[in-house]
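Topology and contacts: notes
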Amino acid sequence: MYLNCHTYYSLRYGTLSPKQLVEAAVRCGVRQMALTDINNCTAMPEFVQRCRQQGIKPVAGMEFRQNGRLLYIALAHNNEGFRHINAFRSKHNIEKKPLPPRFPVCAHSVAIYPFHGNRPLNPGPHEYTGIRPSELHHLRNRSPRHDPGKMVMLHPVSFGDDAGHQLHRHLRAIDHNSLLSRPASHNTAPPDQVMIRPKNLKQAYKGFPHIIRNTAMLLEQCDIGFDFHTFKNKKTFTGHPADDKSLLEKLSTDGLIRRYGKQNREALSRVQNELEIIHKLGFSAYFLITWDIIRYSMSRGFHHVGRGSGANSIVAYCLHITDVDPIELDLYFERFINPKRSTPPDFDIDYSWQERDQVLDYIFKRYGQAHTALLGTISTFHRRSALRELGKVYGLTKAEIDALTEGGHTARCITDRVTTQVLDVAQQLTGYPNLRSIHAGGVLVSEKPICYYSALDMPPKGMPVVQWDMYVAEELGFEKIDILSQRGIGHINECIRLVRENQGKDTDIHRMAHIKEDRQTKALLRKGETTGCFYVESPAMRGLIKKLGCNDYLGLVAASSIIRPGVSRSGMMQEYIRRTHQPEKTTYLHPVMEAQLKETHGVMVYQEDVIKVCHHFAGLDLADADVLRRAMSGKYRSTKEMQRLTGRFFEGCRAKGHPDSLAAEVWRQIESFAGYSFSKAHSASFAAESFQSLYLKAHYPLEFMTAVINNFGGFYRSEIYFHEAQRHGARIELPCINHSRYLNRICGKTIYIGFIHIRHLEHKTAEKICFERQENGPYSGLDDFIRRTGPGLEQLIILIRAMAFRFTDISKSKLLWQAHLLAGKEKNNNPRLFTITTRSFTLPEPETAPLLDAYDEMELLGFVVSMDPFDLLQTSFRGEIFAHNMRAHTGRTVRMLGRLVATKYVRTIKNEVMFFGCFIDCKGRFFDTVHFPDVCRAYPFRGNGIYLLKGEITCEFSQASMLVQKMARLAIKPDPRGPGGSAQHRAK
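Cut-offs and rules
- Residues numbered from 1 in each chain as written.
- Predicted model: local features only at pLDDT ≥ 70, side-chain atom pairs only at ≥ 80, totals over all residues.
- Heavy atoms only, no water.
- Helix = DSSP H or I, 4+ residues; strand = E, 2+ residues; numbered from the N terminus.
- Rg over C-alpha atoms; globule rule 2.2 N^0.38 Å.
- Buried < 20%, exposed > 50% of the residue type's maximum accessible area, 1.4 Å probe, protein only.
- Contact = heavy atoms within 4.5 Å.
- Areas by Shrake-Rupley, 256 points an atom, 1.4 Å probe, with all protein chains shown as cover.
- Lys, Arg positive; Asp, Glu negative; His and termini not counted.
- Charge placed at Lys NZ, Arg CZ, Asp CG, Glu CD.
- Core = buried A, V, L, I, M, F, W, Y, C linked by side-chain atoms within 4.5 Å.
- Pairing = 2+ DSSP bridges.
- Axes fitted to C-alpha atoms, helices over the stretch in contact; angles between N-to-C directions.
- Patch = residues over 30% accessible without salt bridge, like charges linked within 9 Å, V, L, I, M, F, W, Y side chains within 5 Å.
- Salt bridge = Lys/Arg side-chain N within 4 Å of Asp/Glu carboxyl O.
- Parallel < 35°, antiparallel > 145°, perpendicular 65-115°, else oblique.
- Left-handed = near helix turned anticlockwise from the far one by under 90°.
- Nonpolar A, V, L, I, M, F, W, Y, C, P; charged D, E, K, R; others polar.
- Phe/Tyr/Trp six-rings, centres within 6.5 Å; stacked < 30°, edge-to-face > 60°.
- Lys NZ or Arg CZ within 6 Å of the ring centre and 35° of its normal.
- Arc of directions from axis to C-beta.
- Right-handed = clockwise from strand over helix to strand, strands pointing away.

Attention now goes to the overall build of the chain. Across its full length, the chain holds 37 helices and 22 strands. Taking 988 residues into account, the globule formula puts the C-alpha radius of gyration at 30 Å, and the chain, at 34 Å, falls close to it. Dimensions of the chain, computed from the C-alpha atoms along their principal axes, are close to 95 × 90 × 65 Å. For the chain, with 988 residues in total, the buried portion stands at 56%. Counted over contacts in the chain with a minimum sequence separation of 6, partners at least 24 positions apart contribute 69%. Summed over all atoms, the accessible surface of the chain reaches about 43100 Å², with 50% contributed by carbon and sulfur. The chain carries 131 positive and 101 negative side-chain charges, and their two centres are separated by 4 Å.

The next point concerns the nonpolar core. Generally speaking, a soluble globular protein has its nonpolar side chains buried in company with each other. Core analysis: the largest hydrophobic core is formed by 124 residues, its most contacted members being Tyr553, Leu556, Phe649, Ile670, Leu796, Leu799 and Phe805. At 9 residues, the largest contribution of residues to this core is made by helix H28 (residues 680–699). Non-local contacts of Leu556, meaning those with residues more than four positions away in its chain, are made with Leu525, Val536, Met541, Ile545, Cys550, Ala687, Ser690 and Phe691. In this structure, Ile56, Ile211, Phe226 and Leu375 belong to the second largest nonpolar core, which totals 87 residues.

Pairing is mixed in the closed barrel, where 5 strands are placed in the order S18-S19-S20-S22-S21. Pairwise comparison of adjacent strand axes, ignoring direction, gives a mean angle of 50° for this sheet. As defined by bridge partners, strand S20 (residues 926–931) adjoins strand S22 (residues 959–969) across 2 bridges and the pair is classed as parallel. What sits directly across from Thr929, in S22, is Met962. Sitting on the sheet, helix H19 (residues 539–548) is in contact with strand S19 (913–920), S20, strand S21 (946–956) and S22, with an inclination near 145° to S22.

Our focus in this paragraph is a positive patch on the surface. Positive charge collects at one region of the surface, where Arg526, Lys527, Lys546, Arg887 and Arg925 lie side by side. On the basis of relative accessibility, which here comes to 42%, the residue Arg526 falls in the partly exposed class.

The contact between helix H16 (residues 487–503) and helix H29 (residues 701–711) brings their axes to 8 Å, and the two run at 130°. Regarding the angle of H16 to H29, the classification is oblique. In this structure, H16 meets H29 at a crossing whose hand is right-handed. Together, Arg487, Gly490, His491, Glu494, Cys495, Leu498, Val499, Asn502 and Gln503 of H16 and Glu703, Phe704, Thr706, Ala707, Val708, Asn710 and Asn711 of H29 make up the contact between the two elements. Each residue belonging to the contact of H16 with H29 can be placed in one class, and the counts come to 6 nonpolar, 7 polar and 3 charged.

Right, let's get into the packing of aromatic side chains. Under the defined criterion, the tally for this structure stands at 42 aromatic pairs. Centroid distance Tyr8 to Tyr9: 5.1 Å. Interplanar angle 85°. Geometry classified as edge-to-face. With relative accessibility at 17%, the residue Tyr8 sits in the buried group. For Tyr9, a relative accessible area of 15% translates into the label buried. Aromatic pair Tyr779 and Phe785: ring centres 5.0 Å apart, planes at 75°, arrangement edge-to-face. Accessibility assignment for this pair places Tyr779 and Phe785 in one class, buried. Here a set of aromatic residues connected by ring pairs shows up, and it is made of Tyr905, Phe915, Phe919, Phe927, Phe941 and Tyr947. Across the ring face of Phe882, the terminal group of Lys923 is positioned such that the distance to the ring centre comes to 4.7 Å.

Where strand S10 (residues 372–380) meets strand S11 (residues 433–445), 8 bridges bridge the pair, whose relative direction is antiparallel. By the bridge assignment, Ile378 is partnered in S11 with Arg436. Note: S11 against strand S14 (residues 481–486), 2 bridges, orientation antiparallel. Within S14, the residue paired with Val443 across the bridge is Ile481.

Attention now moves to the pattern of salt bridges. The tally for this structure, following the rule as stated, stands at 61 salt bridges. The partner of Asp871 in a salt bridge is Arg878, and the shortest N-O contact between them spans 3.7 Å. The partly exposed category is assigned to Asp871, whose relative accessible area is 37%. Connected through salt bridges with shared partners, the residues Glu772, Asp783, Asp784, Arg787 and Arg788 form a single ionic network.

With that settled, the discussion passes to the packing of helix H32 (residues 782–789) against helix H33 (residues 793–801). Any two packed helices are characterised by the angle at which their axes cross and by the distance between the axes. Taken N-terminus to C-terminus, the directions of H32 and H33 make an angle of 140°; their axes are 12 Å apart at the nearest point. Classified by the angle their axes make, H32 and H33 are oblique. In this structure, H32 meets H33 at a crossing whose hand is right-handed. Across the interface between the two elements, Leu782, Phe785 and Ile786 of H32 pack against Leu796, Leu799 and Ile800 of H33. In terms of residue class, the contact of H32 with H33 is made up of 6 nonpolar, no polar and no charged.

Reading across from one edge, S1-S2-S3-S4-S5-S6-S7 is the order of the 7 strands in this open sheet, with mixed pairing throughout. Edge positions in the sheet fall to strand S1 (2–5) and strand S7 (151–153), since each of these pairs with one other strand and no more. When the angles between neighbouring strand axes are averaged without regard to direction, this sheet yields 35°. In the sheet, strand S4 (residues 69–76) pairs with strand S5 (residues 109–114) via 4 bridges, with the strands oriented antiparallel. Each bridged residue has a counterpart across the sheet, and for Ala74 the counterpart in S5 is Ala111.

On to helix H2 (residues 44–53), then. Residues of H2 that are buried include every one of Met44, Pro45, Phe47, Val48 and Cys51, and no others. Buried residues of H2, seen end-on, are gathered within an arc of 165° and therefore sit on one face of the element. Looking at the buried side of H2, the elements it contacts are helix H1 (18–28), strand S2 (32–35), strand S3 (57–66), helix H3 (79–95) and helix H15 (470–476). Two residues or fewer after H2 comes Gly55, characterised by a positive phi angle close to 75°.

Time to look at unusual backbone geometry. The phi torsion of most residues other than glycine is negative, and most of the peptide bonds are trans. Of note, Met803 is a non-glycine position whose phi angle comes to about 70°, a positive value. Position of Met803 among the secondary structure elements: in the loop between H33 and helix H34 (812–822). One non-glycine residue, Asn911, lies in the positive phi region at around 65°. As for its placement among the helices and strands, Asn911 is situated in the loop between strand S18 (893–907) and S19.

Moving on, we get to the side chain of Ser10. For Ser10, the position within the fold is in the loop between S1 and H1. Excluding anything up to four places from it in sequence, Ser10 contacts Asp37, Ile38 and Asn40.

Side-chain alternation along S2 places Gln32 and Ala34 on one buried face and Met33 and Leu35 on a second face that is also buried. Here S1 runs beside S2; their pairing, made up of 2 bridges, is parallel. Looking at the pairing, Cys5 lines up with Leu35 of S2. In this fold, the crossover linking S1 to S2 by way of H1 has right-handed handedness. Direction of pairing for S2 relative to S3: parallel, over a ladder of 4 bridges. Along S3, the bridge assignment pairs Leu35 with Ala60.

Coordinates in, geometry out; function isn't part of it.
Take a look at the structure:
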């Protein structure tokens, strides 16, 4: 009897989860019902699955609203009708067109119009009018023109009880950004939209038996089902499975020869074994589609990194999907694909943020808009966001809302009743769906049109997105391909381009065998000179590398894994470092453990280590070992499966003759490691990209640092990267209208700061400067610049203050006087046919000083270029020791000066906050500090600047740091520009 049910995926309207809706139906004895969420089908797969489990017949539909007004409800007779409804919704989402007043029904769908709406005067065979119980009185004296055969019961379900209705009211107020006391009645559901027993619902319609019959007949005609057991991706790449098999074998064989040569028997055996599993499980097309994407991107010269568990596959390595050699790293294919995995595999492919969209565009055009979509995700309310939204609903001021989000019941100016109400509702809302969004990179390529499974949204990005997330995709059987973007690849791409432009050299960054053994690269790694390099530049990672004495690829793979929070918090990071320096003191429980874990000194660093121990020590096959590893890590945990595999583990140990006590201890270690271990394939992928970055920095440091700054994606602020470029011999020049571009430009060893770094300089102004200079040559002076670009006085003053006209050899202050005299006179920006001599004026010679320039640079760029930041200090003291000789003063309490680079906080066992700091000394070298909770409270960080630090020098595995006891940010010389604060004010 229920044709119009909502879940909480009717965003900011419904309050029931799909599970709660089905449970309510079970309690009320409902045997069939329709889910019709507003303008979406997000919950449909879960709803269908739960209904089938409870013996309820599910019906698929959608409620169509426009500007909050109900137009009609569409129901599907079957899956074809569901596709029709989704396609209709998708078309209007994609084309951004308003909905028509009439739903275009087909043979597989029906439309239900509200009684008090714009329903058709002459309804067709698949069109009905929905009558709510509260509207029945209108039918008692109705006109005979109303066809009784076209009316059905319409009792919407939106919440579970009165409390649900109150939550619904809050959601509607949030959605309309209105006060709770002033909701629009037509946008808020009445409190009777709850599920009741069908017999009670029928009682309300007892005087209209034909409406009850019509409703029953309509529900009888409708049904929906999904196959949750087969994969939904495009089934073939070539058009036939046998041809896919042949093509994949051919490509893998060719790649095998390129990667390993013709005589590598181990590689050949692994390729053949993987191909057999791939073909058997039906993943050939999935590999070929991914290969096709890689082939396209490589043909365009796009750099990519294939990472994730896909790097366990030698076939993926041979197809150039990844650059990680699974033989070199002893990676198991079963970690990626095995017959006993309950979830489909996925490839993670990283591109530069500048090129990712071009790759996505190719995928959509290659495989068709109807069959391709981005994966969605659901944004939920978090406590703070819920409190902020509810604060507005209750009419609180910004200060009151801030106090509420920070302090809860301690908020001032809020009555206890309101505070309690807001906090209570916020708790209820936490975790509720709020908005539909886009997954970070998931792409689906479907055999059937995507609309068989979901309607599509069209976000500003401009590519269709399914309305459910990766977990629903897994349930349905979709294998996503993650096309991701990251700045690290942008650094690599940009560096290669800059080297070609600045030095005329081409660099092949895919020669991994050569790069891994490059002496300069390994030396840079060993010294921890990793600033700007992907994944290894943070103070924590730099410190770990130096503690380990890491200087090769395998060492970096391990470091990339043990830096992860789980390993480091467990204490195993420290144990791994200790064993690295004292391998002779490492003991192993059994020779098998030594054979499998010798590379990591007996520490299970990787998820693959868990698989290896289970396989070699207990005799589990690799598929079962991976299933056990996944279960123990908390993913897809099944009590029944865990019991089976635990039994298999101990049975295998007994079969191999291991004592029960030894088996129990190995099991304990596996359990303790499995929860935080990291995929070795992931670490290897990260390490490969890190090595590529290190190689470029080792051989082309200035181009590399310029590329890092231009991509704005590193761990540090831009000024730190400019500092790093200076350390490697660069000459940093302030922006110049005759040399700078929008981004930073390198010429030889000179880096010109780009216009993008000048605060408040408009993009269109910067672009015009560059375009005009390219078309008509350099600017001869201020007058010429104004005549050709017409920047306006405000923009012109910004450029002068940024020293962009220093090539004129005219002082900045004098240029500012000239700007006021000249800028307002040039109204026509078109080039003149003849140069007109302008009248010159004799101006007083203004005062100039380096400190004036430094303050302008701080204001406009955010950092100082023309002088050393330490020279801005009022004190001449530079510290008792410096970063390079900290180790020589281990155990001493000393004073040091440091320019703050970065901070990181952690919580102690007592839930107190402590900090780790990173500073640069006056000689340009990094050093690290530790700030315990009592010091943090007494001497907190006061923002960026130069600090005087007093503390004890400690040294751990050759890595020195300061245990801070006192700290203060030092004062700098006062602004000579006076109270006005800027050269612009002084000029006026």
